Each structure stands twice: as structure tokens, then as C-alpha cells.
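Spelled out from the first residue to the last, the chains are:
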Amino acid sequence: MKISLEDIAVNFGCTKESFSPAFLEHFKTLDMRYELLSRVERDSIILDILNKIKVDTQRIGAPKRTGVWQTGWKENLDGFIKNRSVEEIVPKFIRPNKIIRYNGDFIKPSNPFFERDFAKLIQIYCYDNFIKNYSVDNVYEFGCGSSFNLMTMIDLNIDSDLRFFGSDFVQSSVDLCNELGTHYDVDLEGFLFNMIEPDTSKTIRKNSAVFTFGAIEQLNSKFENFISYLLQNKVKICFHVEPTIENYDPNDLFDHLQIRFHSKRGYTQGLLPHLKNLELQGKINIVKNKRLNFGSKFMEGYHLYAWEIN
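Here the structure is a predicted model, which means the values were calculated and not measured.

J.: Sorry if this is basic, but what is going on with the pattern of salt bridges here?
T.: A pair can form between side chains of opposite charge whenever their charged atoms are brought close. Scanning the entire structure with this criterion turns up 16 salt bridges. We note a salt bridge from Glu 115 to Lys 98, for which the minimum N-O separation is 3.0 Å. Pair noted here: Glu 115 is in helix H5 (residues 114-132) and Lys 98 is in the loop between helix H4 (64-83) and strand S2 (100-102), with a separation of 17 residues, a long-range link. With a relative accessible area of 7%, Glu 115 lands in the buried category. Look at Lys 98 and you get partly exposed, because its relative accessible area is 23%. Here Arg 291 and Glu 300 are joined by a salt bridge, their closest N and O atoms 2.9 Å apart. With respect to class, Arg 291 is no different from Glu 300; both count as buried. Salt bridges sharing common partners tie together Glu 35, Glu 41 and Lys 108.

J.: Where do I start with the packing of aromatic side chains in this structure?
T.: The geometry of two aromatic rings is summed up by the distance between their centres and the angle between their planes. Taken as a whole, this structure holds 30 aromatic pairs when the rule is applied. Both rings, one in Phe 191 and one in Phe 193, keep their centres 6.3 Å apart while their planes meet at 85°; by these two values the pair is edge-to-face. The class of Phe 191 is buried, set by a relative accessible area of 8%. Judged by relative accessible area, Phe 193 falls into the buried class, the value being 5%. Ring centres 6.1 Å apart and planes at 75° place the aromatic pair Phe 213 and Tyr 302 in the edge-to-face group. Of this pair, Phe 213 sits in strand S7 (residues 208-213) while Tyr 302 is found in the loop between strand S10 (294-296) and strand S11 (303-309), placing the two residues 89 residues apart along the sequence. Its relative accessible area of 7% is what places Tyr 302 among the buried residues. For Arg 101, the ring lying beneath its charged end belongs to Phe 254, and the centroid distance is 4.2 Å.

J.: Looking at this model, I keep getting lost on helix H2 (residues 21-28). Mind explaining?
T.: Counting along an α-helix, one turn takes 3.6 residues, and residues three or four places apart therefore face a common direction. All of the buried residues in H2 are Phe 23, His 26 and Phe 27. Each buried residue of H2 lies within a common arc of 100° when the element is viewed along its axis, so the set occupies one face. When the buried face of H2 is taken as reference, the exposed residues oriented beyond 90 degrees from it are Pro 21, Glu 25 and Lys 28. Packing partners of the buried residues in H2 comprise helix H1 (5-12) and H5.

J.: Would you mind going over the pairing of strand S6 (residues 188-192) with me for this structure?
T.: Within a regular strand, side chains alternate between the sheet's two faces. In terms of strand pairing, strand S5 (residues 163-168) meets S6 through five bridges, oriented parallel. Looking across to S6, one finds that Asp 168 is bridged to Leu 192. One crossover worth recording links S5 to the parallel S6 by way of helix H7 (residues 171-183), and it is right-handed.

J.: When you look at the nonpolar core in this model, what are you seeing that I'm missing?
T.: One broad trend across soluble globular proteins is that nonpolar side chains are buried collectively. Counting 57 residues, the largest nonpolar core has Ile 8 and Ile 122 as its most contacted members. The greatest single-element share of this core, amounting to eleven residues, is contributed by H5. Residue contacts for Ile 122: discarding those within four places in its chain leaves Phe 12, Phe 213, Val 241, Leu 292, Phe 294 and Tyr 302.

J.: Please explain the sheet that holds strand S9 (residues 284-291) as it appears in this structure.
T.: Consider a sheet: its strands pair through backbone hydrogen bonds, and that pairing is either parallel or antiparallel. The seven strands lie next to each other as S6-S5-S4-S7-S8-S11-S9, forming an open sheet whose pairing is mixed. The strands lining the two open edges of the sheet, one partner per strand, are S6 and S9. Averaged over all pairs of adjacent strands, the angle between strand axes in this sheet comes to 15°, irrespective of strand direction. Most of the contacts of H7 go to S6, to which it runs at about 165°, and overall it touches S5 and S6. Docked against the sheet, helix H10 (residues 271-280) engages strand S8 (237-242), S9 and S11, running at close to 145° with respect to S9.

J.: Which parts of the structure should I look at to understand unusual backbone geometry?
T.: Backbone geometry follows two general trends: most residues other than glycine have a negative phi, and most peptide bonds adopt the trans configuration. One non-glycine residue with positive phi stands out, namely Asn 103, at about 50°. A relative accessible area of 44% means that Asn 103 is categorised as partly exposed. Although it is not a glycine, Ser 147 sits at a positive phi angle of roughly 65°. Within the secondary structure layout, Ser 147 lies in the loop between strand S4 (138-142) and helix H6 (148-156). Classification of Ser 147 as buried rests on a relative accessible area of 0%.

J.: Would you mind showing me how to read the packing of H5 against H6 here?
T.: Relative to each other, H5 and H6 sit at 60°, their axes nearing to 10 Å. Relative to H6, the element H5 lies oblique. In terms of crossing hand, the pair formed by H5 and H6 is right-handed. Residue-level contacts link Arg 116, Lys 120, Gln 123, Ile 124, Cys 126, Tyr 127 and Ile 131 of H5 to Phe 148, Asn 149, Thr 152, Met 153 and Leu 156 of H6. Classifying every residue of the contact of H5 with H6 gives seven nonpolar, three polar and two charged.

About the thresholds
Residues numbered from 1 in each chain as written. Predicted model: local features only at pLDDT ≥ 70, side-chain atom pairs only at ≥ 80, totals over all residues. Heavy atoms only, no water. Salt bridge = Lys/Arg side-chain N within 4 Å of Asp/Glu carboxyl O. Helix = DSSP H or I, 4+ residues; strand = E, 2+ residues; numbered from the N terminus. Buried < 20%, exposed > 50% of the residue type's maximum accessible area, 1.4 Å probe, protein only. Phe/Tyr/Trp six-rings, centres within 6.5 Å; stacked < 30°, edge-to-face > 60°. Lys NZ or Arg CZ within 6 Å of the ring centre and 35° of its normal. Arc of directions from axis to C-beta. Contact = heavy atoms within 4.5 Å. Pairing = 2+ DSSP bridges. Right-handed = clockwise from strand over helix to strand, strands pointing away. Core = buried A, V, L, I, M, F, W, Y, C linked by side-chain atoms within 4.5 Å. Axes fitted to C-alpha atoms, helices over the stretch in contact; angles between N-to-C directions. Parallel < 35°, antiparallel > 145°, perpendicular 65-115°, else oblique. Left-handed = near helix turned anticlockwise from the far one by under 90°. Nonpolar A, V, L, I, M, F, W, Y, C, P; charged D, E, K, R; others polar.

Structure follows, in C-alpha cells:
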């Protein structure tokens, strides 16, 4: 079986004619073939997920997680300093040869780097629709990690003079962001920032796009101060790619497993309902809200929504 461009358009909630040349060029390079799991294989995956939920001790937002992230991004930083290759900034949790969640089922992609390559399609789509189309002057990623997303968007930025900013709450991430800016001589600057307790003296430049990509998930639902900070800074457009428990159907086994894993770990809940409430209050306008039906074995980490301030 093979994922077509038409299939991707359905995933993104658009038409294939709306994809940019950069998106189409990347898609053409990808091996999108896959196999469905046999009944025995699928049962084995489900059992593995249930066992993982039972024994898993990782807790999002626990104090010790700060050290884990500092160490993890330092590993990317050290690798980049040693090899000077952009491949070194791919987050370590995006591993090759993984079972993937796609369109409500588990699949085995032929491409060992399927998740990384599909994530790049999301990056390009977001750049085209929420950065390029909004004609912003600055782009901020909060919780930028290895700057994996920012570097893709910088590569796409060939016709404008955008300034890029990456922030994170651990120093190794900030150091990697600045190292990339210096090495590639691009307009990229990193800074420390705690999304749970925002430093309001750190202002966002006018005419800016702001985004998070698997970052608010790590806040253990303590996101309201950050959203208020974005409103106060009058960002032009904000988009999020985050796991979103509210999009799942608890009566569906495939989704039920995601709900249990998401809840057990303590990933953020309530962001999308919070944004919808702000929309009801007339404060923002949600311009995109799409479950992309794509993720790793344990849950779909890729749900896309974007909003602008009224």
C-alpha cells in the first residue's frame, strides 16, 4: 500500500492543488509505501501498549525531567559540534524503523525514517500557511529543543529576510540554537524562557508568528500563563502541533489506548478547549483545527491548530 498526495491532502484538511512547490518537491522524494499489520502483529502491539501503560513511570513535568532535557539536547549539541551536520539535530526520540499510527490503524512503513520525513511535510505546510502567507517579519518557536523545526523553516526562507528565534527552558537547547545560527550564518537567536512562568519583560517583536511543536505537551496542562503572554504580545499568528486528547474517541480501542497513555504520562490536556473558549469570548479566531491522524506507536503527537488575535 502507498500513501498518495490525495491522502496527505485529506490528512491536512486541504486540496492537493494548494500544496506549495517546496511541499511537492519533498513529497516526491519520499518512500510512502507501507504494510498493514497482521492480526497477530496488531494484537502484539496492543498488548505491548497495555503493558507499557501498566509499568511506565515517566511523569511529564516532574522536577527530574529538567535534567533529562538538559542532557538530551546537550547530546544533540555535542553531536553537531563534532560532526557539523544538520542530521545531528534530529531529536533522538524520532527513531527509525518504528510502528506508526496512521488513519486509525498501525502501519509498518518501508521508509525507516517515515516519522521524520512526515514531520517535515508538516513543517513545510506550516511554513507555507502560517509564516509565508501571513507575511510576518519574525518567527518564534517556544520549546525549540534541537531547533529541528526552525532549521527546516530557515531553509525554506529563500525570498524574505525573516528573523528566527528559538527558546527553551534548558541552556543546552539555547546553546545549540545559537551554535546553529553562528555556524550557518543565519538570523537565528536562542534565549531561555519558562513557558509555565513567562518572563513578561521578554517581549515578542511586532508582526511575528509564534509556534510550538510538541512543547506545550510537556507543561503538564500549565499553559494558561503562556497563552496570556502571547495575547499580551499581540502575536500576528500562532500555531501548535501538539498531542490533543480531546480529539480522541474513548469508545474506539485505537483511541482508547492513546487516551490512557496520554493521561498516564501526564501530557497536557485542555489546550484546544481553552482556545475554543477564547474564541467564544471573541478574543481569538481559530483558523485551523485538524487531527492529522499520524503519530508513533503509543500516541499521535501531531494535531495542528492555528489562531489569530481579533
